[in-house]
Amino acid sequence: MATKIRAALAPCSLAQWPTPLEPQPALALALGLRALWLKREDVAGGNKVRGLEFLLAGAAPRSVFVTVGGAGSTHCLTTARLAESLGCHVAIAVFPQPETDASTTVGTAMTRAAGLVVRASSQLTLPWAVLRAWRAAHHLGSGKPRWIAGGGADPRAVAGHLLATLELQQQLDVPPDAIVVPLGTGGTAAGIALGIGWLGWSTRVLAVRVAPRIVANRWRAMRLARKTAALLRRRGVEFSVPRSSIQMEVVDAMGQGYGHPTVEGERARDIAAQHGLRLDPTYGAKAFSVLLQQPTAKVQRVVFWHTFAWP
């Protein structure tokens, strides 16, 4: 199936796949789990690379892309870096977010990598920043600028996360009880849910909300999954997944707001760090914090989607 999807959508190659599935027996024991694995998307540059292989595919040199995100957005940083590696340019509109070790590091790297960064003073003024970035993009390269949705939330990008999920079939002897993944703009969670549905596994997809509900919600993620399945069928891939097989549970862990560290998230960071796992406070720590809850008999074997790659 993975070969058919790649043939139909023709992504470019920006990393080495598959990413490792790494067992964490000591950390599992500390959490009271029978088994814990990390899906190491971080070693390939972060989860956003999966989608950008499809979104940047076919771009001519000096093409210009426009996207949007937080001041510490890994999506924006990864887009800028990978586009530059293809000889393209990126204009980015960003909104403020709390300063943390991760967001500051990412923001600095993004400013260096992007052709242009337009900063909104608040979420309310973000549309004007996007407009300014779009207008300026016409002068950065050649041809009409191409839009990439925030977080890469696009059915083509979701196909990349679907492929990541299909890798688990060769990496696990039996399906896990649950997969835990941060839920922001929804593309990664949508691809995982779609992949689990196609595999026919009963695995619970626990999407941990780390962004405002208007962006991070089950309806939006499931819609992305369905649109991706429809896209594959239009491209000639026999991809039939009953709607009832695409399941996702959303768990709220955002706290005060996007990018704001939470008490539970910081506790999760500390425990993970004791076992050599470095998490960011915006996505990874909040998602990992759900594993600090008392495990149930039905959730003992867990895959944690490790999405953040430190610059």
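Above: the structure in question.
Cut-offs used in this document
Counting restarts for each chain: residues are numbered from 1 in the order of the written sequence. Restriction of local features to residues with pLDDT of at least 70 applies here, the model being predicted, together with a cutoff of 80 or more for giving and counting side-chain atom pairs; totals for whole chains, interfaces and linings are based on all residues. Processing note: side-chain calculations cover all non-hydrogen atoms of the structure and skip hydrogens and water entirely. Comment: elements are numbered from the N terminus, with helices defined as DSSP H or I runs of at least four residues and strands as E runs of at least two. The cut-offs for exposure are 20% and 50% of the maximum accessible area for each residue type, with area from a 1.4 Å probe on protein chains only; residues under the lower value are buried, those over the upper are exposed, and the others partly exposed. In what follows, residue pairs with any heavy atoms lying within 4.5 Å of each other are defined as contacts. Per-residue and other accessible areas were derived by the Shrake-Rupley procedure at a 1.4 Å probe size, with only the shown protein chains allowed to occlude residues. Charge assignment in this entry is limited to Lys and Arg as positive and Asp and Glu as negative, and neither His nor the chain termini are counted. Here the site of a charge means NZ on Lys, CZ on Arg, CG on Asp, or CD on Glu. Pairing of N or O atoms within 3.5 Å defines a polar contact, subject to two protein rules: one partner must be a possible hydrogen donor and the other a possible acceptor, and residues neighboring in sequence count only if both atoms are side-chain atoms. Whether two strands pair comes down to DSSP finding at least two bridges between them. As a rule, the C-alpha atoms of each element are fitted with a line to give its axis, helices using only the stretch in contact, and angles between N-to-C directions run from 0 to 180 degrees. Aromatic pairing here means that ring centres of Phe, Tyr or Trp (its six-membered ring) are within 6.5 Å. Orientation follows from the plane angle: under 30 degrees is stacked, over 60 is edge-to-face, and everything else is tilted. In this analysis the charged atom, NZ for Lys or CZ for Arg, is taken to sit over a ring once it is within 6 Å of the ring centre and within 35 degrees of the ring normal. Note that the term roughly parallel is reserved for angles under 35 degrees, roughly antiparallel for angles over 145, roughly perpendicular for angles of 65 to 115, and oblique for everything else. Working rule for handedness: look at the near helix, and if it is turned counterclockwise from the far one by less than a right angle, call the crossing left-handed; if clockwise, right-handed. Ten residue types, Ala, Val, Leu, Ile, Met, Phe, Trp, Tyr, Cys and Pro, are classed as nonpolar, four, Asp, Glu, Lys and Arg, as charged, and the remainder, Gly among them, as polar. Cysteine sulfur atoms that come within 2.5 Å of each other are treated as a disulfide pair. The residues that make up patches have over 30% relative accessible area and no salt bridge, and they are joined within 9 Å when like-charged or within 5 Å when they are Val, Leu, Ile, Met, Phe, Trp or Tyr. Salt bridges, as used here, are contacts in which a Lys or Arg side-chain nitrogen is within 4 Å of a carboxyl oxygen on Asp or Glu. We define the nonpolar core as a collection of buried residues of types Ala, Val, Leu, Ile, Met, Phe, Trp, Tyr and Cys that are connected through side-chain atoms lying within 4.5 Å of one another.

What am I meant to see in the overall build of the protein chain here?
From N to C terminus, the protein chain includes 12 helices and 10 strands. Counting only C-alpha atoms, the protein chain reaches 60 × 45 × 30 Å along its principal axes. For the protein chain, with 311 residues in total, the buried portion stands at 58%. Restricting to contacts in the protein chain with at least 6 residues of sequence separation, those with at least 24 account for 81%. Roughly 13500 Å² of accessible area belongs to the protein chain as shown, and the carbon and sulfur atoms make up 52% of that amount. When the 34 positive and 18 negative side-chain charges of the protein chain are each reduced to one mean point, those points stand 10 Å apart.

Honestly, the side chain of Thr-228 in this entry has me stumped. Any pointers?
Along the chain, Thr-228 falls in helix α10 (residues 218-234). At a separation of 2.8 Å, a polar atom in the side chain of Thr-228 contacts the main-chain carbonyl oxygen of Leu-224. Thr-228 has contacts with Pro-155, Val-158, Ala-159 and Leu-194, leaving out every residue within four places of it along the chain.

Help me understand the sheet that holds strand β8 (residues 204-209) in this model?
By definition, the strands of a sheet pair up through backbone hydrogen bonds, in either a parallel or an antiparallel sense. The six strands are arranged β1-β2-β10-β7-β8-β9 in an open sheet whose pairing can be described as mixed. Each edge of the sheet is formed by a strand with only one pairing partner; in this case those strands are β1 (21-23) and β9 (249-252). Ignoring which end each strand starts from, the neighbouring axes of this sheet average 30° apart. The pairing of β1 with strand β2 (residues 35-40) spans three bridges and is antiparallel. Considered in β2, the bridge of Glu-22 is made with Leu-38.

So what exactly am I meant to see when it comes to the sheet that holds strand β5 (residues 116-119) here?
Strands sit in the order β5-β4-β3-β6 across an open sheet of four strands; the sheet is parallel. Single-partner strands in this sheet number two, and they are β5 and β6 (146-147). Two elements, strand β4 (residues 89-95) and β5, share four bridges in a ladder whose sense is parallel. Across the sheet, residue Ile-92 finds its bridge partner in β5, namely Val-117. Its contacts with the sheet put helix α5 (residues 101-113) on β3 (64-70), β4 and β5, and the angle it makes with β5 is roughly 130°. Contacting β3, β4, β5 and β6, helix α6 (residues 126-137) runs over the sheet at an angle of about 165° to β4.

Before we go on, may I ask you to explain the packing of aromatic side chains in this structure?
One pair of aromatic rings is described through two measures. These are the centre distance and the angle between the planes. This model, assessed by the stated rule, comprises five aromatic pairs. Where Tyr-258 meets Tyr-283, the ring centres are 5.9 Å apart and the plane angle is 75°; that geometry is what we call edge-to-face. Of this pair, Tyr-258 sits in the loop between β9 and α11 (263-274) while Tyr-283 is found in the loop between α11 and α12 (284-288), placing the two residues 25 residues apart along the sequence. With relative accessibility at 13%, the residue Tyr-258 sits in the buried group. Over the ring of Trp-310 we find Arg-278; its NZ or CZ atom is 3.5 Å from the centre of that ring.

Help me understand the environment of His-89, please; the structure alone is not making it clear to me.
Position of His-89 among the secondary structure elements: in strand β4. On a C-alpha basis, the gap between His-89 and Leu-183 in space is 28 Å, while along the polypeptide they are 94 residues apart. Here His-89 is in contact with Arg-62, Ser-63, Val-64, Phe-65, Leu-140 and Gly-141, once residues within four sequence places are set aside.

Sorry, what's going on with the packing of helix α3 (residues 48-55) against helix α7 (residues 155-166) here?
Any two packed helices are characterised by the angle at which their axes cross and by the distance between the axes. In the contact formed by α3 and α7, the axes pass within 7 Å of each other and the chain directions differ by 130°. Taken together, the axis directions place α3 and α7 in an arrangement best described as oblique. Where α3 crosses over α7, the two elements pack in a sense that is right-handed. Mapping the contact onto sequence places Arg-50, Gly-51, Phe-54 and Leu-55 in α3 and Arg-156, Ala-157, Ala-159, Gly-160, His-161, Leu-163 and Ala-164 in α7. Per-class residue counts for the contact of α3 with α7 are six nonpolar, three polar and two charged.

Would you take a moment to explain the state of the cysteines for this structure?
What makes a disulfide is a covalent bond joining the sulfur atoms belonging to two cysteines. Applying the stated criterion to the full structure yields zero disulfides. Cys-88 provides the cysteine sulfur closest to Cys-76, a residue in no disulfide bond, and the two sulfurs are 16 Å apart. Here Cys-88 stays unpaired: no disulfide links it, and the sulfur of Cys-12, its closest cysteine neighbor, is 9.3 Å away. Overall, Cys-88 belongs to the buried group, its relative accessible area being 6%.

What should I look at first to understand a positive patch on the surface in this one?
On the surface, a cluster of positive charge is made up of Arg-223, Lys-227, Arg-233, Arg-234 and Arg-235. With respect to the secondary-structure elements, Arg-223 resides in helix α10.

Honestly, the nonpolar core in this entry has me stumped. Any pointers?
In globular proteins that are soluble, nonpolar side chains generally tend to be buried together. With 57 residues, the main nonpolar core has Ile-5, Phe-239, Met-248 and Trp-305 as its most contacted residues. When near neighbours in sequence (up to four residues on either side) are disregarded, Trp-305 contacts Lys-39, Glu-41, Ala-164, Thr-165, Leu-168, Ile-179, Val-180, Val-181, Pro-182, Thr-188 and Ile-192. In this structure, Cys-76, Leu-77, Ile-92 and Ala-102 belong to the second largest nonpolar core, which totals 29 residues.

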